[in-house]
Amino acid sequence: MMSVLASSHSGLPRGPQLRIVDAEASAEKGQDDCADNVTTDDRDESWISGRKAPAHIDLDLGRTQNVGTVDLLPYQVPTPAETCHRIWVGSSRDDMKMVAEVRQETAHHKWVTGVPIEQAARYLRIETVEHPGWVAWSGIKVYGSGDNADAK
């Protein structure tokens, strides 16, 4: 498991953006605040859990792929605030391992970019374990590693 700060990994090389085919969350405030909202480029839509940490969102890439980095766009009140997010990966939702922890001050609609993953995975879980307000995201982007041939 790697603990990282945004400033320590912002210069990592970036592979191709990977398509997220499905998103599920531990909780949703309402039907307009659903998990799939993080997969669009529309910043007017967000996933809002409707509760404080801990809460998580699971992303399905459709098949096992080589994941290089992840970018996170908080929807956050209060802002800025100290937060802690853990990233888990696996070949199924029932068999995941934690590969990164981001513990830092984050702010509303300010990207946390280039969180290093460097693992083969089909599923990713973004788990917020510390945050003073409701857990919510406006966007999550997943990038491949290298040429991103399917992981074996």
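Up top is the structure these notes are about.
Notes on the structure follow.

## Observations concerning the environment of Gly 146
Consideration 1: Position of Gly 146 among the secondary structure elements: in the segment after β9 (134-144).
Consideration 2: A relative accessible area of 60% places Gly 146 in the exposed class.
Consideration 3: For the pair Gly 146 and Val 67, spaced 79 residues apart in sequence, the C-alpha to C-alpha distance is 9.1 Å.

## Notes on the side chain of Arg 125
Consideration 1: With respect to the element layout, Arg 125 can be found in strand β8 (residues 112-130).
Consideration 2: Only 2.6 Å separates the side chain of Arg 125 from the side chain of Asp 58, close enough to count as a polar contact.
Consideration 3: Apart from residues no more than four positions distant in its own chain, Arg 125 is found in contact with His 56, Ile 57, Asp 58, Arg 86, Ile 87, Trp 88, Arg 93 and Met 96.

## Observations regarding the side chain of His 85
Consideration 1: Examined against the element boundaries, His 85 turns out to sit in strand β6 (residues 81-92).
Consideration 2: His 85 sits in the buried class, given a relative accessible area of 5%.
Consideration 3: A polar contact of 3.1 Å, which involves the side chain of His 85, links it to the side chain of Thr 83.
Consideration 4: Within polar-contact distance, the side chain of His 85 engages the side chain of Thr 128 at 2.9 Å.
Consideration 5: If we ignore the near neighbours within four places in the chain, the residues touching His 85 are Ala 100, Glu 101, Val 102, Thr 106, Glu 127, Thr 128 and Trp 137.

Basis of the calculations
- Residues numbered from 1 in each chain as written.
- Predicted model: local features only at pLDDT ≥ 70, side-chain atom pairs only at ≥ 80, totals over all residues.
- Heavy atoms only, no water.
- Helix = DSSP H or I, 4+ residues; strand = E, 2+ residues; numbered from the N terminus.
- Buried < 20%, exposed > 50% of the residue type's maximum accessible area, 1.4 Å probe, protein only.
- Polar contact = N/O pair within 3.5 Å; in protein donor to acceptor, adjacent residues only side chain to side chain.
- Contact = heavy atoms within 4.5 Å.

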